[in-house]
Amino acid sequence: MLDDTFTYGGWAVGLLAVGVWLWLARRAFPSFDVFVRGFDDELGLSGTPEERARRARWHQIRQAAVALTAVAALCLSIGFAIPD
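Okay, so let's go over this structure.

About the thresholds
- Residues numbered from 1 in each chain as written.
- Predicted model: local features only at pLDDT ≥ 70, side-chain atom pairs only at ≥ 80, totals over all residues.
- Heavy atoms only, no water.
- Helix = DSSP H or I, 4+ residues; strand = E, 2+ residues; numbered from the N terminus.
- Buried < 20%, exposed > 50% of the residue type's maximum accessible area, 1.4 Å probe, protein only.
- Contact = heavy atoms within 4.5 Å.
- Areas by Shrake-Rupley, 256 points an atom, 1.4 Å probe, with all protein chains shown as cover.
- Axes fitted to C-alpha atoms, helices over the stretch in contact; angles between N-to-C directions.
- Parallel < 35°, antiparallel > 145°, perpendicular 65-115°, else oblique.
- Left-handed = near helix turned anticlockwise from the far one by under 90°.

Turning our attention to the overall build of the protein. Counting its secondary structure elements, the protein contains three helices and zero strands. Reading the secondary structure of the protein in the N-to-C direction produces α-α-α. Looking at the 84 residues of the protein, the share that counts as buried comes to 17%. Considering only residue pairs separated by 6 or more positions, the protein has 90% of its internal contacts joining residues 24 or more positions apart. Summed over its atoms, the accessible surface of the protein is roughly 6600 Å², and 69% of this surface lies on carbon and sulfur atoms.

Here's what the structure looks like:
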């Protein structure tokens, strides 16, 4: 029963992680205006505080996606390692 909990819990967390990664991939392609603006200020030195806060939020979302993937892999490995 414990192995099923880890296995199916790992699958559920893995599906959630895949959803977050797909959402991030979809949002990764900027519009043309944003793309051109990125070349104007590559280092982001003239960014407003709102833009810096937005970048920080994206960094947190990417960290959450990595953490979800790691938790899913850990749960699945534990679930598959416990003998039936």
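From this point, the narrative continues.
Here helix 1 (residues 2-27) crosses helix 3 (residues 49-81) at 155°, and the two axes come no closer than 7 Å. Relative to helix 3, the element helix 1 lies roughly antiparallel. The chirality of how helix 1 crosses helix 3 is left-handed.

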